[in-house]
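# Coordinate inspection notes
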Amino acid sequence: MPVSGEVYRHIGRSAAGAVSIVTAFDGASDRVVGLTVSSFVTLSFDPPLVMFAIQHDASCYPALTTSEAFGVSLLTVHQTEIARRFATKGVDKNANTRFDRGQVLRVPLIADALVQVECRTHEIFASGDHAIVVGLVEAARPREGEPLLYFARKFGSFVPLPES
Ligand SMILES: Cc1cc2nc3c(=O)[nH]c(=O)nc-3n(C[C@H](O)[C@H](O)[C@H](O)COP(=O)(O)O)c2cc1C
């Protein structure tokens with residue numbers, strides 16, 4: 001028997017994770033579309049695959065699930081404003097956002113992100129009310145910095161435990 005919505009939401013709140021922005025060009029308008037995700041993970045070393053989950057009712061769902069390529073930008077602790085903007089429906093995500101263009105796939109990427117990843121869309125699986133999008137990593141640009149994390153509906157930073 002499935003758990004209640006309340007229990008399920010508690011599971012979600014308890015799963016701390018890194019915050020990333022997934023972006024692509026909307027083929028129709030040529031504008032950048034994207035969303036904030038905490039579901040981004042590395043999947044396979046050989047070949048180098050990554051994945052994220054996207055809800056069916058995201059307005060960027062059609063563009064992101066038909067695009068041949070997408071960008072993933074892992075955010076730094078200084079980029080909470082961008083995380084909020086890309087998690088808000090109906091706002092203009094192109095306004096006040098500085099983008100870079102990927103050097104290999106030309107996908108849009110968030111400027112100054114901790115890591116910028118250029119992915120070719122590899123496979124898409126339907127799963128419940130989400131789709132799982134798997135990307136083949138064609139290029140990546142890491143920088144020094146601190147990751148932005150999300151836990152219990154709050155943004156935060158990583159604090160290592162003292163060495164024991
Ligand atoms: C920290 C955080 C993590 C999120 N992770 C995901 C995710 O992994 N998948 C998803 O579909 N939505 C996720 N969301 C919600 C979307 O960012 C949000 O619904 C977004 O507005 C959807 O895009 P749209 O504006 O194009 O509809 C997350 C939101 C936050 C604040």
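These remarks concern the structure in this document. Along each chain, numbering runs from 1 in the same order as the chain's sequence is written. For this predicted model, a pLDDT threshold of at least 70 governs which residues receive local features, and a threshold of 80 or more governs which side-chain atom pairs are given and counted, while totals over whole chains, interfaces and linings are taken from all residues. Hydrogens are left out, water is left out, and the side-chain values use all remaining heavy atoms of the structure.

## Thoughts on the overall build of the protein chain
Put simply, the rule reads: Secondary structure is summarised from DSSP: a helix means a run of H or I of at least four residues, a strand means a run of E of at least two, and numbering begins at the N terminus for each. For the radius of gyration, the atoms used are the C-alpha atoms, and the globule rule reads 2.2 Å times the number of residues raised to 0.38. Contacts are residue-level and defined by heavy atoms, with any inter-residue pair within 4.5 Å sufficient. Computed with a 1.4 Å probe, the accessible areas rest on the Shrake-Rupley method; for each residue, only the protein chains presented here act as cover. Charge convention: Lys and Arg are scored as positive, Asp and Glu as negative, and His as well as the terminal groups of each chain are ignored. For charged residues, the charge sits on one atom: NZ in Lys, CZ in Arg, CG in Asp, CD in Glu.
Scanning the protein chain from N- to C-terminus turns up three helices and 12 strands. A globule of 164 residues ought to have a C-alpha radius of gyration of about 15 Å, and the protein chain, at 16 Å, matches this closely. Counting only C-alpha atoms, the protein chain reaches 45 × 40 × 35 Å along its principal axes. Sequence-distant contacts in the protein chain: of pairs separated by 6 or more residues, those separated by 24 or more amount to 60%. Accessible surface, the protein chain as shown: approximately 10,000 Å² in total, 55% of it carbon and sulfur. Within the protein chain, the 17 negative side-chain charges are centred at a point lying 7 Å from the centre of the 15 positive side-chain charges.

## Considering the packing of aromatic side chains
What counts, and what does not: Pairing of aromatic side chains here covers Phe, Tyr and the six-membered ring of Trp, requires ring centres within 6.5 Å, and sorts the geometry by plane angle: under 30 degrees stacked, over 60 edge-to-face, intermediate tilted. Relative accessibility decides the category of a residue: with a 1.4 Å probe and only protein chains considered, values under 20% of the type maximum give buried, values over 50% give exposed, and everything between is partly exposed.
If you walk through the whole model with that rule in mind, you get three aromatic pairs. On the basis of an interplanar angle of 75 degrees and a centroid distance of 5.3 Å, the ring pair of F52 and F70 is categorised as edge-to-face. Linking F52 in strand β5 (residues 49–55) with F70 in strand β6 (residues 69–74), this pair joins segments that are 18 residues apart in sequence. When sorted by exposure, F52 lands in the same class as F70, which is buried.

## A few points about the site of the ligand
We count it as follows: Residues are classed as near a molecule or strand on a simple rule: at least one heavy atom within 4 Å of it. In the analysis that follows, any N or O atom pair within 3.5 Å is treated as a polar contact, provided that within protein one partner can donate a hydrogen and the other can accept it, and provided that, for residues neighboring in sequence, both atoms belong to side chains. Following the grouping adopted for this structure description, the nonpolar residues are Ala, Val, Leu, Ile, Met, Phe, Trp, Tyr, Cys and Pro, the charged ones are Asp, Glu, Lys and Arg, and the polar ones are all others, Gly among them.
The local shell around the ligand holds 18 residues, among which T36, S39, S59, K89 and K93 are the closest. Q55 places a polar main-chain atom, nitrogen or oxygen, 2.8 Å from an oxygen atom of the ligand. Here C60 contributes a backbone N or O atom positioned 3.1 Å from an oxygen atom of the ligand. With the chains in place, 86% of the 630 Å² that the ligand exposes on its own is no longer accessible. When its residues are assigned to classes, the shell around the ligand shows nine nonpolar, seven polar and two charged.

## So, the sheet that holds strand β12 (residues 154–156)
Filter applied, for reference: Note on pairing: two strands pair once DSSP finds at least 2 bridges between them.
A sheet is described by the order of its strands in space; here three strands give the open sequence β1-β11-β12, paired in antiparallel fashion. Two strands lie at the open edges of the sheet, namely β1 (17–18) and β12, each paired on one side alone. Relative to strand β11 (residues 149–151), β1 runs antiparallel, the two being bridged by two bridges. Bridged to G17 within β11 is Y150.

## Quick notes on the pairing of strand β2 (residues 20–25)
The element β2 is extensively covered by neighbouring structure, given that five of its six residues are classed as buried. Judged from the six bridges that link them, β2 and strand β3 (residues 32–37) form a sheet pairing that is antiparallel. Across the sheet, residue I21 finds its bridge partner in β3, namely T36. The turn joining β2 and β3, which pair antiparallel and follow one another in sequence, is formed by six residues; a positive phi near 65 degrees is taken by D30.

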